[in-house]
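Listed below, chain by chain, are the residues.
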Amino acid sequence: MARPPFERVVADHGQVVLRVCRALLGPADADDAWSETFLAALRAYPELRPDSNVRGWLVTIAHRKAIDVLRRRARQPRPAGSLPDRPTRGAEDGAPTGLDGDLRAVVEALPPKQQAAVVYRYLADLPYDEVARLLGSSPAAARRAAADGVAALRAALPDRTSPGGPR
Amino acid sequence: MTSTLDPRLAAALGGPTVDLAALRERLVAAAERDGLVDVAYREVDSPFGPLLLAATPDGVVRIAFAGEGHDDVLAGLAHDVSPRVLAAPGRLEPVARELDEYFAGHRRRFDVPVDLRLVRGFRRTVLEHLRTIDYGRTESYAQAAAGAGRPSAVRAAASACSHNPVPIVVPCHRIVRSDGRPGHYGGGADMKVALLRMETS
């Protein structure tokens with residue numbers, strides 16, 4: 001089977017990769033990570049085995065790019081008094097702030113492994129053996145991290161987002 | 001093995017669905033800068049329906065009529081040239097402009113570089129000969145075969161014309177049957193007649 005035109009890859013997986021980048025990095029750095037991911041993917045695409053899981057391959061690249069961004073962030077601490085690292089979401093993409101921002105804070109408060117496990121399993125829809133490979137852990141540990149992470153998020157959900165209801 | 005996530009959780013994790021147009025534009029610019037767009041393409045309107053234009057860094061490699069199924073053509077380019085195929089309209093700007101001018105009757109010769117890598121051997125020689133046939137002139141298939149150096153290879157010359165990957169710019173429409181009928185054309189016989197009529201008016 002031949003590889004489809006790369007344009008097809010961008011159309012089919014661009015949205016998921018952006019969600020992964022946003023989940024790992026927040027909206028401010030996600031665009032750069034997305035661009036770097038697809039540029040690296042385009043470079044390597046002719047060598048990709050035609051039977052590969054393209055989404056898993058892209059998410060693997062995005063994972064590495066996100067780590068690069070986090071390392072750069074760690075090396076360059078923002079000077080005191082600068083703007084906050086993440087503006088409220090509403091300022092960036094027109095979504096209402098508030099509930100969404102609260103939940104975002106819960107996501108960020110998750111232990112990194114749980115957060116990544118939830119992102120790879122539930123956002124990128126990767127099987128647990130792929131999630132485990134990305135996390136550098138066993139499939140059982142990956143399954144546990146995803147379950148714990150999603151449980152923590154669900155626990156944060158009901159009383160915060162019941163539409164129209166009292167808090 | 002599907003997994004679903006509460007949409008609110010999904011939104012909190014990755015944000016809402018967004019328009020990727022701006023990101024795609026950045027990607028294409030960076031890919032062009034790094035020389036990674038092996039095949040750039042875009043669609044343009046023409047008096048004969050939408051045309052797909054594709055170019056390598058060496059030149060225009062493919063022009064496809066609507067009837068050819070543009071997705072199939074792109075899949076073919078991914079297989080035959082390189083899978084690094086991107087909608088990168090900038091590279092096609094010169095040929096799009098020249099085609100506009102040609103269809104408007106303001107251009108008699110195409111100046112954009114052409115990449116004939118999809119064609120080999122005698123067929124390629126035939127296409128190179130076609131490029132020397134001036135606007136408004138026609139040749140028979142036999143004359144085209146002779147012009148390409150093999151007067152007896154009339155059938156092969158006809159086959160080269162019907163497999164021309166860059167029609168209009170490489171003017172296979174200027175090859176007609178010796179009995180005066182237009183003969184086969186990828187864009188349809190009507191289009192061939194219309195182009196020849198335009199060129200002689």
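Residues numbered from 1 in each chain as written. Chains lettered and ligands numbered in written order. Predicted model: local features only at pLDDT ≥ 70, side-chain atom pairs only at ≥ 80, totals over all residues.

**Let's talk about the domain arrangement of chain A**
All names here are of chain A.
Part 1: When the domains of chain A are assigned, the result is domain 1 (1-86) and domain 2 (97-156).
Part 2: Only α1 (6-25) and α3 (54-75) provide two or more residues apiece to the side of domain 1 that touches domain 2.
Part 3: Of the residues belonging to the side of domain 1 that touches domain 2, the class tally is five nonpolar, three polar and two charged. (Domains from an automatic or database assignment. Helix = DSSP H or I, 4+ residues; strand = E, 2+ residues; numbered from the N terminus. Nonpolar A, V, L, I, M, F, W, Y, C, P; charged D, E, K, R; others polar.)

**Describing the domain arrangement of chain B**
Residues and elements named next belong to chain B.
Part 1: The domain architecture assigned to chain B consists of domain 1 (19-103) and domain 2 (121-200).
Part 2: Listed by partner, the interface residues are eight residues for domain 1 and eight residues for domain 2.
Part 3: If you tally residues by element for the side of domain 1 that touches domain 2, the top one is strand β3 (residues 59-64), at four residues. (Contact = placed C-beta atoms within 7 Å.)

**Concerning the environment of D190(B)**
Residues and elements named next belong to chain B.
Part 1: Mapped onto the elements, D190 comes out in helix α8 (residues 189-200).
Part 2: Residue class for D190 comes out exposed when judged on the 11 C-beta atoms lying within 10 Å of it.
Part 3: C-alpha separation for the pair D190 and F48, spaced 142 residues apart in sequence, amounts to 9.7 Å. (Buried ≥ 20, exposed ≤ 12 C-beta atoms within 10 Å, placed from the backbone.)

**Regarding the sheet that holds strand β1 (residues 39-44) of chain B**
Residues and elements named next belong to chain B.
Part 1: Pairing within the open sheet is mixed, and its four strands lie in the order β3-β2-β1-β4. Looking at the sheet topology across the chains shown, the edges are occupied by β3 and β4 (85-87). Neighbour-to-neighbour, the strand axes of the sheet open up by a mean angle of 25 degrees, direction not taken into account. (Pairing = 2+ DSSP bridges. Axes fitted to C-alpha atoms, helices over the stretch in contact; angles between N-to-C directions.)

**Regarding the nonpolar core**
Part 1: Core analysis: the largest hydrophobic core is formed by 95 residues, its most contacted members being V20(A), C21(A), V119(A), V131(A), L53(B) and A157(B).
Part 2: For V131(A), the contacting residues outside a window of four places in its chain are A117(A), Y120(A), R121(A), L126(A), A142(A) and A146(A). (Core = buried A, V, L, I, M, F, W, Y, C linked by C-beta atoms within 7 Å.)

**A short note on the confidence of the model for chain B**
Part 1: The predicted model of chain B averages 93 in pLDDT, with 95% of residues at 70 or higher.
Part 2: Scored by ipTM, the complex comes to 0.90, with pTM at 0.84. (pLDDT = per-residue confidence, 0-100.)

**Considering the environment of A33(A)**
Residues and elements named next belong to chain A.
Part 1: With respect to the element layout, A33 can be found in helix α2 (residues 27-44).
Part 2: A sequence separation of 28 residues divides A33 from I61, and the C-alpha atoms of the two residues are 9.6 Å apart.
Part 3: Setting aside residues no more than four positions away along its own chain, A33 makes contact with C21, L25, A62, K65, A66 and V69.

**Considerations on the pairing of β1(B)**
Residue and element names in this part refer to chain B.
Part 1: As paired elements, β1 and β4 share three bridges and run parallel to each other. Across the sheet, the residue bridging to A40 is L86, located in β4.
Part 2: Here five bridges tie β1 to strand β2 (residues 51-56), and the two strands are oriented antiparallel to one another. Along β2, the bridge assignment pairs Y41 with A54.
Part 3: Counting the residues that bridge the hairpin from β1 to β2 gives six residues, and of these G49 lies at a positive phi of roughly 100 degrees.

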